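Each chain, written out:
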Amino acid sequence: MALGNKPPTWVKDGFESYAKRMPREMSLELVQIPPPKHHSEAARFISAEGDKMLAQVDNSDWVIALDERGKQVTSRQLAGRFEDWRLAGQDVVFVVGGSDGLAPNIKQRANETLSLSALTLPHYLVRPVLAEALYRAWSIYTKHPYHRE
């Protein structure tokens, strides 16, 4: 799930390039949440973003907030998580915030917080990076030759 409704074509193409490679039982779906109307008070704007995003999350979902201060994992460690998610039988929802970051209520709802990089990445760039990371982890998990060490 990501905030924003009109990403550049290269973002959409990059995400879809990896999403279509995933198997049906581990499909990637991008849910875009249109940002609320901008408010002059940043805290209220971020809170409104969080409310819109939380409205799309089910109580049974395993929510992973993406934040540069989150736990960094390797591709192999992420692949190891696939088995946990499969056995839990929950939908896994990765949450990508807007340009101002994630709302506190999203961070509170999250079951865990991961980082794709110690760098701050533009929120649109996170989409194809996350899709590739998940495809790579899936390829490790299934011993597919995409990942080479």
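We now turn to the structure provided with this report. These numbers were taken from a predicted model, which means no experiment stands behind them.

### Overview of the overall build of the chain
Then, in step 1: A tally of helices and strands in the chain yields 5 helices and 5 strands.
Then, in step 2: Element order for the chain, N to C, with α for helix and β for strand: β-α-β-α-β-α-β-α-β-α.
Then, in step 3: For the chain, the C-alpha radius of gyration of 15 Å lies close to 15 Å, the compact-globule estimate for 149 residues.
Then, in step 4: Projected onto its principal axes, the C-alpha positions of the chain cover 50 × 35 × 30 Å.
Then, in step 5: Counting every position in the chain, which comprises 149 residues, the buried fraction comes to 40%.
Then, in step 6: Looking at the chain alone, contacts between residues at least 24 apart form 81% of all its contacts between residues at least 6 apart.
Then, in step 7: Entry remark: accessible area of the chain is about 8900 Å², with carbon and sulfur atoms responsible for 51%.
Then, in step 8: Here the chain carries 19 positive and 18 negative side-chain charges, and the mean point of each set is 4 Å from the other.

### Focus: the packing of helix α1 (residues 9–19) against helix α5 (residues 123–141)
Then, in step 1: For the pair α1 and α5, interaxial distance at closest approach is 8 Å and the crossing angle is 10 degrees. In terms of axis orientation, α1 runs roughly parallel to α5. Where α1 abuts α5, its residues Trp10, Val11, Gly14, Phe15 and Tyr18 lie against Tyr124, Leu125, Arg127, Pro128, Ala131, Glu132 and Tyr135.
Then, in step 2: Its residues placed into classes, the contact of α1 with α5 shows 9 nonpolar, 1 polar and 2 charged.

### What to know about the side chain of Arg127
Then, in step 1: Position of Arg127 relative to the elements: it lies in helix α5.
Then, in step 2: Buried charge Arg127 goes without a salt bridge, the closest partner of opposite sign being Glu16 at 9.4 Å.
Then, in step 3: At 2.5 Å, the side chain of Arg127 and the side chain of Gln32 are in polar contact.
Then, in step 4: Filtering out sequence-adjacent residues up to four positions away, Arg127 remains in contact with Ala2, Leu3, Gly4, Pro7, Val11, Phe15, Leu30 and Gln32.

### Some thoughts on the nonpolar core
Then, in step 1: Counting residues in hydrophobic clusters, the biggest one holds 24 residues, and the most contacted among them are Leu66, Leu78, Phe82 and Phe94.
Then, in step 2: Considering every element that reaches this core, the biggest residue donor is α5, with 9 residues.
Then, in step 3: Beyond its immediate sequence surroundings of up to four residues, Phe94 is in contact with Met1, Ile64, Leu66, Trp85, Leu114, Leu130 and Leu134.
Then, in step 4: In this structure, Met1, Leu3, Ile106 and Ala110 belong to the second largest nonpolar core, which totals 14 residues.

### Quick word on the pattern of salt bridges
Then, in step 1: A complete count under the given rule lists 7 salt bridges for this structure.
Then, in step 2: As a salt-bridge pair, Arg86 and Glu83 come within 2.8 Å of each other at their nearest N and O atoms. Here Arg86 pairs with Glu83, and both are found in helix α3 (residues 75–88), just 3 residues apart, close to one helical turn.
Then, in step 3: With a relative accessible area of 26%, Glu83 lands in the partly exposed category.
Then, in step 4: One salt bridge in this structure joins Glu132 and Arg136, with 2.9 Å as the shortest N-O distance. One end of the pair, Glu132, and the other, Arg136, are both in helix α5, 4 residues apart, so they sit about a helical turn from each other.
Then, in step 5: Judged by its relative accessible area of 18%, Glu132 falls in the buried class.
Then, in step 6: With relative accessibility at 21%, the residue Arg136 sits in the partly exposed group.

About the cut-offs
Residues numbered from 1 in each chain as written. Predicted model: local features only at pLDDT ≥ 70, side-chain atom pairs only at ≥ 80, totals over all residues. Heavy atoms only, no water. Helix = DSSP H or I, 4+ residues; strand = E, 2+ residues; numbered from the N terminus. Rg over C-alpha atoms; globule rule 2.2 N^0.38 Å. Buried < 20%, exposed > 50% of the residue type's maximum accessible area, 1.4 Å probe, protein only. Contact = heavy atoms within 4.5 Å. Areas by Shrake-Rupley, 256 points an atom, 1.4 Å probe, with all protein chains shown as cover. Lys, Arg positive; Asp, Glu negative; His and termini not counted. Charge placed at Lys NZ, Arg CZ, Asp CG, Glu CD. Axes fitted to C-alpha atoms, helices over the stretch in contact; angles between N-to-C directions. Parallel < 35°, antiparallel > 145°, perpendicular 65-115°, else oblique. Nonpolar A, V, L, I, M, F, W, Y, C, P; charged D, E, K, R; others polar. Salt bridge = Lys/Arg side-chain N within 4 Å of Asp/Glu carboxyl O. Polar contact = N/O pair within 3.5 Å; in protein donor to acceptor, adjacent residues only side chain to side chain. Core = buried A, V, L, I, M, F, W, Y, C linked by side-chain atoms within 4.5 Å.

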